[in-house]
Amino acid sequence: MADNSDDFGHVPVLLQRCVELLTPALTRHHPDGSGAVLVDATLGAGGHAERFLTELPGLRLIGLDRDPGALDIARARLARFADRITLVHTRYDGLAAALAESGYAAAESVDAVLFDLGVSSMQLDRPERGFAYAQDAPLDMRMDPASPLTAADIVNTYGEAELADILRRYGEERFARRIAARVVRQRARTPFTSTAQLVALLYQAIPAPARRTGGHPAKRTFQALRIAVNDELGSLSDALPAALEALTGGGRIVVLAYQSLEDRIVKGVFADAVASRTPVDLPVELPGHEPRFRSLTRGAERADAAEVERNPRSAAVRLRALQRQASAKGDS
C-alpha cells in the first residue's frame, strides 16, 4: 500500500487519469460542472472526490461507503463542500436506493460514476480491523463494523469443504483443501480469535517451497476471507449494472480494480454493455441500433512506473471506463 499517504491516510490511485476520463461528462452542460452529478460509489477518505469538487465548483457529489469510519474522515475532509455533497452509509450495491433517497430515482439521472474497489489504506493501517496479516489483531475484516459476519465466524464455524471452496474461489489458493483441513483440526482444540493464530497456521500448512515464492503465505487466505466477509464480488456484480443504468446519455463510469476476480467481473459487465444494442425503453434488440455504451480504454489501463514508485498500491490497479452513448435514448 501507499508509503506516502496524505493527511487522511490514503493516496488516490490514478487520480489524474480519473479526472481526464470523467471531467468531459461532468462539464458537458457547464464548464464549472453546474447541473452535473458525480457518484463516488467507494468514497473512502474522499481523495478522488476532493479533486473533482475543487476543480468543478458547480458539481454535486453523492458519496457512498459501507465503512462509517471512512465516512467520518471524508466528511471532515470535504467539509468546505458541505452544501454540494450527500454522503450515504451503504454498500455500493445500495447505489440505486441511495440515488433515490438523494432525489435521483429515475434511470439516466447522473453524469459520472467512480468505483475504487478493494480494501483501503485506512482499513489496512488500523490493526484493530483485522485486515492486515502483518499485525496481530482480532480476526474481524468487516468493512462495516455493524455487519454480523466476521472472519472469525467463517474460520471457526464453516465446514471444511465450504471453507476450502472460499479459499479456492476468492483467494485462488492452491493449497485450499490442506489449509481448510488444518483449520478444522486446530479450531477443535482452540478457536481462532486473532490474525496471528491464523498466520501461524498458514505458515505450517503451506509447503516451504511455496512459501518462498508468490508473496506472503497468508496473502491469498486473507483476501479470500475479506471478500467472503464483505460479499465484495456479489455486491460488485449487482452494483455495476445499477451504475450503468443510472448514467445519462454521454455519462461515464470509471472502475479501479486491484485483483483479478474483481477485474473479471468488471470486464464481463462492460463487455456485455458495449455489445448491447437494445435501447433501454425497448424489450428486444432492433437491427441497426447503435451500441448503448462504448469503451474509453483499450482493455485495462495500468499505473506507470512513476506512480507505482510514488504509491506502491497502484501497482495492482486495472482501470476500465465506459461512456453511455448519447443516442441510446435520443439524449443530446
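Higher on the page you've got the structure.
Report on the accompanying structure. (Residues numbered from 1 in each chain as written. Predicted model: local features only at pLDDT ≥ 70, side-chain atom pairs only at ≥ 80, totals over all residues. Heavy atoms only, no water.)

## Overview of unusual backbone geometry
A positive phi angle, near 50 degrees, is found at E172, a position not held by glycine. Relative to the helices and strands, E172 is located in the loop between helix 7 (160-171) and helix 8 (176-189). Taking relative accessible area as the criterion, E172 reaches 41% and is therefore assigned partly exposed. At D231, a residue that is not glycine, the phi angle is positive and equals roughly 45 degrees. (Helix = DSSP H or I, 4+ residues; strand = E, 2+ residues; numbered from the N terminus. Buried < 20%, exposed > 50% of the residue type's maximum accessible area, 1.4 Å probe, protein only.)

## Examining the nonpolar core
Within the largest apolar cluster, 65 residues are counted, with the highest numbers of intra-cluster contacts made by L95, V113, F115, I179, L240, L244 and I253. Here this core gets seven residues from one element, more than from any other, and that element is helix 12 (residues 232-246). When neighbours within four sequence positions are excluded, I179 is seen to be in contact with L167, E173, L201, L202, A205, I206 and T221. Core analysis: the next-biggest nonpolar cluster, separate from the first, contains 33 residues, L21, L78, F81 and V317 among them. (Core = buried A, V, L, I, M, F, W, Y, C linked by side-chain atoms within 4.5 Å. Contact = heavy atoms within 4.5 Å.)

## A short note on helix 8
With 14 residues, helix 8 should cover 20 Å at 1.5 Å per step; its first-to-last C-alpha distance of 21 Å lies within 8% of that length. Considered for burial, the residues of helix 8 that qualify are A176, I179, A180, A181, V183 and R187. The elements touched by buried residues of helix 8 are helix 6 (151-157), helix 7, helix 9 (195-205) and helix 11 (219-230). (Expected span 1.5 Å × (residues − 1).)

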